[in-house]
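# Structural overview for review
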Amino acid sequence: MEHYFTNNPDLKSELRTIRYKYKEYELTYLSDNGVFSKDKLDFGSTLLLNTLYEQKKEKNLKVLDIGCGYGFIGIALAKILKWKVTMCDINKRALHLAEKNCLENNIKAEVLESNIYENITNIYDLIITNPPIRAGKDVVYGILDGARDRLEAKGELWFVIRKDQGAKSAISHLEKTMNCEIVEKSKGFYIIKAKKR
Ligand SMILES: C[S@@+](CC[C@H](N)C(=O)[O-])C[C@H]1O[C@@H](n2cnc3c(N)ncnc32)[C@H](O)[C@@H]1O
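Remember, predicted model here, so these are calculated numbers, not experimental data.

The rules behind each value
Residues numbered from 1 in each chain as written. Predicted model: local features only at pLDDT ≥ 70, side-chain atom pairs only at ≥ 80, totals over all residues. Helix = DSSP H or I, 4+ residues; strand = E, 2+ residues; numbered from the N terminus. Buried ≥ 20, exposed ≤ 12 C-beta atoms within 10 Å, placed from the backbone. Contact = placed C-beta atoms within 7 Å. Pairing = 2+ DSSP bridges. Axes fitted to C-alpha atoms, helices over the stretch in contact; angles between N-to-C directions. Near = placed C-beta within 6 Å. Nonpolar A, V, L, I, M, F, W, Y, C, P; charged D, E, K, R; others polar.

With that out of the way, let us pick up the overall build of the chain. Helix and strand counts for the chain stand at five helices and nine strands. Of the regular secondary structure in the chain, the N- to C-terminal order runs β-β-α-β-α-β-α-β-β-α-β-α-β-β. Taken along its principal axes, the extent of the C-alpha atoms in the chain is 45 × 40 × 35 Å. Across the 197 residues of the chain, 39% fall into the buried class. Long-range contacts, defined here as pairs at least 24 residues apart, represent 65% of the contacts in the chain between residues at least 6 apart.

On to helix α2 (residues 72-80). α2 sits mainly inside the fold: seven of its nine residues count as buried. Within α2 the residues assigned to the buried category are F72, I73, G74, I75, A76, L77 and A78. Where α2 terminates, the next one or two residues include K82, which has phi positive at roughly 60 degrees.

Taken together, seven strands build an open sheet; the order of strands is β5-β4-β3-β6-β7-β9-β8 and the sheet is mixed. Since the sheet does not close on itself, it has two edges, and those belong to β5 (110-113) and β8 (178-186), each with one partner. Direction aside, the axes of adjacent strands within the sheet are offset by 20 degrees on average. Here five bridges tie strand β6 (residues 124-129) to strand β7 (residues 151-162), and the two strands are oriented parallel to one another. Directly across from Y124, in β7, lies its bridge partner L151.

On to unusual backbone geometry, then. Phi is mostly negative for residues that are not glycine, and the peptide bonds are mostly trans. Phi at S37 is positive, roughly 60 degrees, even though this residue is not glycine. Of note, S37 is situated in the loop between β2 (25-31) and α1 (43-55). For S37, a count of 18 C-beta atoms within 10 Å puts it in the partly exposed group. The backbone phi angle of I116 is positive, close to 50 degrees, even though this residue is not glycine. By the element assignment, I116 lies in the loop between β5 and β6.

What follows concerns the site of the ligand. Taken together, 22 residues lie near the ligand, and F5, S45, G67, G69 and P132 sit nearest. Looking at the shell around the ligand residue by residue, the class counts come to 12 nonpolar, eight polar and two charged.

Structure below.
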């Protein structure tokens with residue numbers, strides 16, 4: 001069975017374009033078979049973008065979008081909030097699309113292939129993620145737990161997770177090392193902010 005995180009270069013390519021209007025910004029994303037949310041943007045991802053836009057007012061932030069897919073959140077943040085964005089994923093097709101989507105939306109961002117944080121050497125003001133629930137708990141908790149060591153002292157991890165996909169247990173787990181707060185809830189999706197102690 002194909003998953004959105006499986007690298008399969010033989011999977012037939014059927015490019016499509018997803019358009020998204022946010023405030024006065026028009027964003028365009030190329031998508032394809034074999035990537036997450038290939039036909040329409042994920043509600044959780046749009047909620048995370050909107051919550052960051054409404055609540056995170058600092059400028060010039062250095063941000064890592066881990067599990068970036070074709071770049072929806074990272075590119076929107078670079079375009080709208082002018083943050084300095086790095087995007088990484090394990091899925092090569094998604095990364096190729098993310099690179100094209102940077103050009104398409106006229107933004108500069110770093111795009112890296114990385115299994116969780118394997119190739120991430122910098123530290124960030126903000127790490128954001130819509131984690132790959134279907135990849136399993138080891139990967140999801142690998143992303144959440146690994147954030148702490150890749151954040152500046154006042155850095156924050158922001159992520160979206162559905163209540164019925166383990167939001168409460170993810171919070172209890174992360175609370176062992178970080179201070180967590182639910183900053184938004186909508187349609188069963190939670191946006192969680194975790195700060196270093
Ligand atoms: C739920 S999707 C979110 C995609 C994108 N950020 C969005 O909001 O549309 C999770 C992403 O994590 C990626 N992923 C899965 N396993 C991974 C791993 N071990 N390391 C890095 N990324 C991974 C998947 O390929 C997928 O693109």
